Protein chains: 2
Amino acid sequence: MREVAIIGAGMTKFGRHTKRSFADLGAEACRKALDSGNVNYKEIQGAYYGTTGGVGAMHQTLRDIGILGIPISRAENGCATGSTCLREAYISIAAGIFDLVIAMGIEKMYGASMGEVTGAQTAILLDMKSTDLDAKLMSFGAISLPGIFAIMANRHCYKYGTTHEQIAQVAVKNHNNGAKNPYAQFQQQRTLEEIMDPNTPKNDMISTPLTKLQCCPITDGAASVVLASADIAKKFTDTPVYIAASAQVSSAHEFPTDDWLSFEQTRRCAKQAFQMARIEPQDINLGCVHDCFAPAEILHYEDIGWCKKGEGGKMIEEGETELNGRISVNPGGGLLARGHPLGATGIAMTAEIFWQFQNEAGKRQVDKIEYALQQNMGWPAAGLSQLIHIFKR
Amino acid sequence: MREVAIIGAGMTKFGRHTKRSFADLGAEACRKALDSGNVNYKEIQGAYYGTTGGVGAMHQTLRDIGILGIPISRAENGCATGSTCLREAYISIAAGIFDLVIAMGIEKMYGASMGEVTGAQTAILLDMKSTDLDAKLMSFGAISLPGIFAIMANRHCYKYGTTHEQIAQVAVKNHNNGAKNPYAQFQQQRTLEEIMDPNTPKNDMISTPLTKLQCCPITDGAASVVLASADIAKKFTDTPVYIAASAQVSSAHEFPTDDWLSFEQTRRCAKQAFQMARIEPQDINLGCVHDCFAPAEILHYEDIGWCKKGEGGKMIEEGETELNGRISVNPGGGLLARGHPLGATGIAMTAEIFWQFQNEAGKRQVDKIEYALQQNMGWPAAGLSQLIHIFKR
């Protein structure tokens, strides 16, 4: 297998883009990625794109840029669509099929307006065409995604003494990081009180203890990265970011095992990724993890191996994952504040990591990064899928 | 890049399966593929599936079989979804990510009943979530797919003297082949008169000169193949079928260039495929090509290089592509008679080729095969995509 590097990244501001087309959003992200990698569009050999709803988005985008006739593949894997797209692009270069590939994630969720549901619920409604029973049960309200994460939150509090304040602190951190990210959907600092009080303007109680500000929003947006084989990467940039590991675990279990206290898929996926990169969890300085709901981030700390089981609440409370803490987690604002345009989220994580390695992250810059990790999870295209990628200089 | 082989294949009968779930259809196809390749389900390391509508189908299928926790990726590329899935599975083994992979294509189109539209029109309606103008123009009836292929047929008649009878002869051949294939949706021999007369029972005039029997139907079904790295393939079977080439051309042009007389994407894709396999078009003994509408098959003869431009009509009239003619084309009945469950079609082509190489094709067996080719085209996920794979012993 050949080594693969990220050499450029670009994205649109995440938010509400009802008046812009898929191609318009896509072209902005792809052009920025090409420019950032000093890549002429004529050199691109293949394209991978991830979307749950924007069928045709990539070819319309490439046509607008002027790229014609290269192979285009679409990946779809629910909320992990972006990382699945990244992984397939990575594999295609590792195989030797291509040397230079563009990957793009894109979604327009406001266009498919569902009213006052959260992003993750929209995800179900957008994705759901299965006629099978278990899928129907979920989409028809037997239990909603905010409900599932609320149960996990409450189980964690019961079993380990995690507090609602610790859970809400994840949202405080990520909204404060988002306030430093010009690409974020929400760029407003939030206090613990604002996050927890359902009477805060634009807040609400969704599923106790989760207020709306602890749930990811509906988002439109696109993100793109350019990947190159390691042997040509330095032709484009002095500072390529190498993919040290790509791991995926999909499961036939729909939802959390382990008594709703953990995602066993994350644990297995992390183990595979650290083995492939030949490092330990503690070697990571920067993490972009899947904070679709605030308690998810706490579970990921534990399942990735950054702390012991049950100590995730303490980890956030003690500031270990704040910007320039022991491990800077979601410096771009995460799904909670940067937003969660399903297909774009995984690629937006990669873009954030790329910029952090380039020292281009402005007010949210992490000081010292040797290894960065992105963890993205999705449902239901492949059961519950976990994808972890590790990056290094 | 590592060499890759097909070691097993399975499919459901294609047809109307309104009372069967995605997982039920998928499990039948996958179990048959595993059995045919003497593969224990526990050995499968990764899964790729292709569908336009059956989100979640693969993990439900694998759960039913007992396969848990392996990476699952979904590919979607309109009517070329099956071949895109095959290609991504091939690339993953070529890269060295996996040694043993299951690929499945699946679709349930009757569930999404659209009344009396043809399969390809349903494809648009199922696929179409784009809010962009050019996609809308197509789906809202500015011109339908049968209309496009009718224009191409009439242009071909005008320019090259191709006759309506020659075009209809494609449907005669493929329906007669379908009558020999127990997996086919239509297993009824048809005369030229029956095909051409809109008053034949179950026939109709769709878009002159195309009657309904010259258009692919709506279909439910699943098909699966097992792929292995060449170095382990012989552990499972004495007669693996090797992938000699995998080529894809996607285009930003929505539809035929060249004055509506050709698909230039097919020509470029075929050229790439023959270069990769180091053979000439005339070395192919067996072809499964994308006969979504009868005239398409004639265009493909020319664009693949089996005859000169304009001579496709003569080629079908002279019986060169009949079963055991110079090149046996669509011995399984093609999209016209086997049916066209969008995501499953490409994998069904591979399954047919696998069985033909194993001498397991019964009454439709092709006598001597050295090289086989499958050509599958799709729209609109990646513009108009052409995928060609070449297989050898």
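Every value quoted in this text rests on a predicted model; they were computed, and no experiment measured them.

Our next topic: the side chain of Glu88(B). By the secondary structure assignment, Glu88(B) is in helix 3 (residues 81–95). As a buried residue without a salt bridge, Glu88(B) has its nearest oppositely charged side chain in Arg87(B), at a separation of 5.0 Å. With near-sequence residues (within four places) excluded, Glu88(B) lies in contact with Tyr48(A), Ser73(A), Glu88(A) and Tyr48(B).

This part is about the interface of chain B and chain A. Each partner contributes residues to the interface: chain B has 56 residues there, and chain A has 57 residues. Buried surface at the junction of chain B and chain A, both sides included, amounts to about 4300 Å², of which 49% is carbon and sulfur. Remark: the boundary between chain B and chain A carries two salt bridges. Salt-bridge contacts for Glu76(B) lead to Arg74(A); the nearest nitrogen and oxygen are separated by 2.4 Å. Inspection of the chain B/chain A interface yields 14 residue pairs in polar contact (both at pLDDT 80 or more). If you list the elements that add at least two residues to the side of chain B that touches chain A, you get helix 1 (22–36), strand 2 (46–50), helix 2 (57–65), strand 3 (72–76), helix 3, helix 4 (119–127), helix 5 (133–139) and strand 8 (241–251) of chain B. Broken down by element, the residue count for the side of chain B that touches chain A peaks at eight residues, all from helix 3 of chain B. As paired elements, strand 3 (residues 72–76) of chain A and strand 3 of chain B share three bridges and run antiparallel to each other. Directly across from Glu76(A), in strand 3 of chain B, lies its bridge partner Arg74(B).

Our focus in this paragraph is the confidence of the model for chain A. As a note on interpretation, predicted positions should not be read in detail where pLDDT is low. All names here are of chain A. Looking at chain A, pLDDT values average 90 and 90% of them are 70 or higher. Per-residue pLDDT stays below 50 along residues 113–137; that stretch engages in 68 contacts with residues further than four places along the chain or on separate chains. Both scores are given for the predicted complex: the pTM is 0.90, the ipTM 0.85.

Let us now look at the relation of the copies chain B and chain A. In summary, the two copies of the chain are related to each other by a rotation about an axis coupled with a shift along it. At an RMSD of 0.0 Å, chain B and chain A line up after a rotation of 180 degrees and a shift of 0.0 Å along the axis. Such a combination of rotation and displacement between the chain copies is what one expects of a two-fold axis. When C-alpha distances to the rotation axis are compared across chain B, the minimum falls at Ala95(B), with a value of 1.7 Å. Same-surface contact between copies: 100% of interface residues of chain B are shared with the interface of chain A.

Turning our attention to helix 7 (residues 164–178) of chain B. Residues and elements named next belong to chain B. Taking 1.5 Å of rise per residue, 15 residues should cover 21 Å, and helix 7 covers 21 Å from first to last C-alpha, within 8% of that figure. The buried fraction of helix 7 is high, at 12 of 15 residues. Within the span of helix 7, buried status applies to Gln 166, Ile 167, Ala 168, Val 170, Ala 171, Val 172, Lys 173, Asn 174, His 175, Asn 176, Asn 177 and Gly 178.

For the rest of this paragraph, the subject is helix 11 (residues 294–304) of chain A. For helix 11 of chain A, the tally of buried residues reaches 11 of 11 residues, placing the bulk of the element in the interior. Inspection of helix 11 of chain A places Ala294(A), Pro295(A), Ala296(A), Glu297(A), Ile298(A), Leu299(A), His300(A), Tyr301(A), Glu302(A), Asp303(A) and Ile304(A) among the buried residues, and these make up the whole buried set.

The next thing to look at is the pattern of salt bridges. Residue and element names in this part refer to chain A. In the structure shown here, the tally under the stated rule is 24 salt bridges over all chains. For Arg 155, the salt bridge identified is with Asp 259, shortest N-O distance 2.8 Å. Highlighted residues: Arg 155 in helix 6 (residues 145–160) and Asp 259 in the loop between strand 8 (241–251) and helix 10 (264–277), separated in sequence by 104 residues. Three or more residues are tied together by salt bridges with common partners; here these are Arg 20, Asp 24, Glu 28 and Lys 32.

Moving on, we get to the packing of aromatic side chains. All names here are of chain A. Applying the stated criterion to the full structure yields eight aromatic pairs over all chains. On the basis of an interplanar angle of 40 degrees and a centroid distance of 6.1 Å, the ring pair of Phe 149 and Phe 263 is categorised as tilted. Taken together, the positions of Phe 149 in helix 6 and Phe 263 in the loop between strand 8 and helix 10 put the pair 114 residues apart, joining distant regions of the chain. For Phe 149, a relative accessible area of 2% corresponds to the buried category. Look at Phe 263 and you get buried, because its relative accessible area is 0%. An angle of 50 degrees between the planes, with centres 6.4 Å apart, marks the rings of Tyr 301 and Trp 306 as tilted. You'll find Tyr 301 and Trp 306 in the same group, each marked buried. Grouped by ring-pair contacts, the aromatic residues Phe 149, Phe 263 and Phe 293 constitute a single cluster. The ring of Phe 22 has Lys 108 lying over it, and the distance from NZ or CZ to the ring centre is 5.6 Å.

Okay, the packing of helix 3 (residues 81–95) of chain A against helix 14 (residues 342–357) of chain A next. All names here are of chain A. Closest axis-to-axis distance for the helix 3/helix 14 pair is 5 Å, and the angle between their directions is 60 degrees. What the angle tells us is that helix 3 and helix 14 run oblique. For the pair helix 3 and helix 14, the contacting residues are Thr 81, Gly 82, Ser 83, Cys 85 and Leu 86 in the first and Leu 342, Gly 343, Gly 346, Ile 347 and Thr 350 in the second. Residue composition of the contact of helix 3 with helix 14, by class: four nonpolar, six polar and no charged.

Each pair of packed helices gets described by two things: the angle between the helix axes and the distance between those axes. Residues and elements named next belong to chain B. Close contact between helix 6 (residues 145–160) and helix 11 (residues 294–304) brings their axes to 9 Å; oriented N to C, the two are set at 60 degrees. Taken together, helix 6 and helix 11 sit at an angle that is classed as oblique. In the packing of helix 6 onto helix 11, the handedness of the crossing is left-handed. The segment helix 6 lies against helix 11, with Phe 149, Met 152, Ala 153 and His 156 engaging Pro 295, Ala 296, Ile 298, Leu 299 and Glu 302. Of the residues that constitute the contact of helix 6 with helix 11, the class distribution is seven nonpolar, one polar and one charged.

Once that is clear, we can look at the environment of Ile65(A). All names here are of chain A. Tracing the backbone shows Ile 65 in helix 2 (residues 57–65). On the accessibility criterion, Ile 65 (11% relative accessible area) is buried. Between the C-alpha atoms of Ile 65 and Gly 26, which are 39 residues apart in sequence, the distance is 9.5 Å. Those residues in contact with Ile 65, other than ones at most four positions away along the chain, are Ala 27, Cys 30, Arg 31, Leu 34 and Tyr 41.

With that out of the way, let us pick up the pairing of strand 2 of chain B. Residues and elements named next belong to chain B. Burial within strand 2 is extensive, with five of its five residues counted as buried. Neither face of strand 2 is open: one carries Gly 46, Tyr 48 and Gly 50, the other Ala 47 and Tyr 49, and all of them are buried. Where strand 2 lies against strand 4 (residues 100–108), five bridges are found, and the strand directions are parallel. Looking across to strand 4, one finds that Gly 50 is bridged to Gly 105. One ladder, built from four bridges, connects strand 2 with strand 3; its direction is parallel. Bridged to Tyr 49 within strand 3 is Arg 74. Each parallel crossover has a hand, and for strand 2 linked through helix 2 to strand 3 it is right-handed.

Parameters and conventions
- Residues numbered from 1 in each chain as written.
- Chains lettered and ligands numbered in written order.
- Predicted model: local features only at pLDDT ≥ 70, side-chain atom pairs only at ≥ 80, totals over all residues.
- Heavy atoms only, no water.
- Helix = DSSP H or I, 4+ residues; strand = E, 2+ residues; numbered from the N terminus.
- Buried < 20%, exposed > 50% of the residue type's maximum accessible area, 1.4 Å probe, protein only.
- Lys, Arg positive; Asp, Glu negative; His and termini not counted.
- Salt bridge = Lys/Arg side-chain N within 4 Å of Asp/Glu carboxyl O.
- Contact = heavy atoms within 4.5 Å.
- Buried area = accessible area lost by both parts, 1.4 Å probe.
- Polar contact = N/O pair within 3.5 Å; in protein donor to acceptor, adjacent residues only side chain to side chain.
- Pairing = 2+ DSSP bridges.
- pLDDT = per-residue confidence, 0-100.
- Least-squares fit on C-alpha atoms with pLDDT ≥ 70 in both.
- Expected span 1.5 Å × (residues − 1).
- Phe/Tyr/Trp six-rings, centres within 6.5 Å; stacked < 30°, edge-to-face > 60°.
- Lys NZ or Arg CZ within 6 Å of the ring centre and 35° of its normal.
- Axes fitted to C-alpha atoms, helices over the stretch in contact; angles between N-to-C directions.
- Parallel < 35°, antiparallel > 145°, perpendicular 65-115°, else oblique.
- Nonpolar A, V, L, I, M, F, W, Y, C, P; charged D, E, K, R; others polar.
- Left-handed = near helix turned anticlockwise from the far one by under 90°.
- Right-handed = clockwise from strand over helix to strand, strands pointing away.

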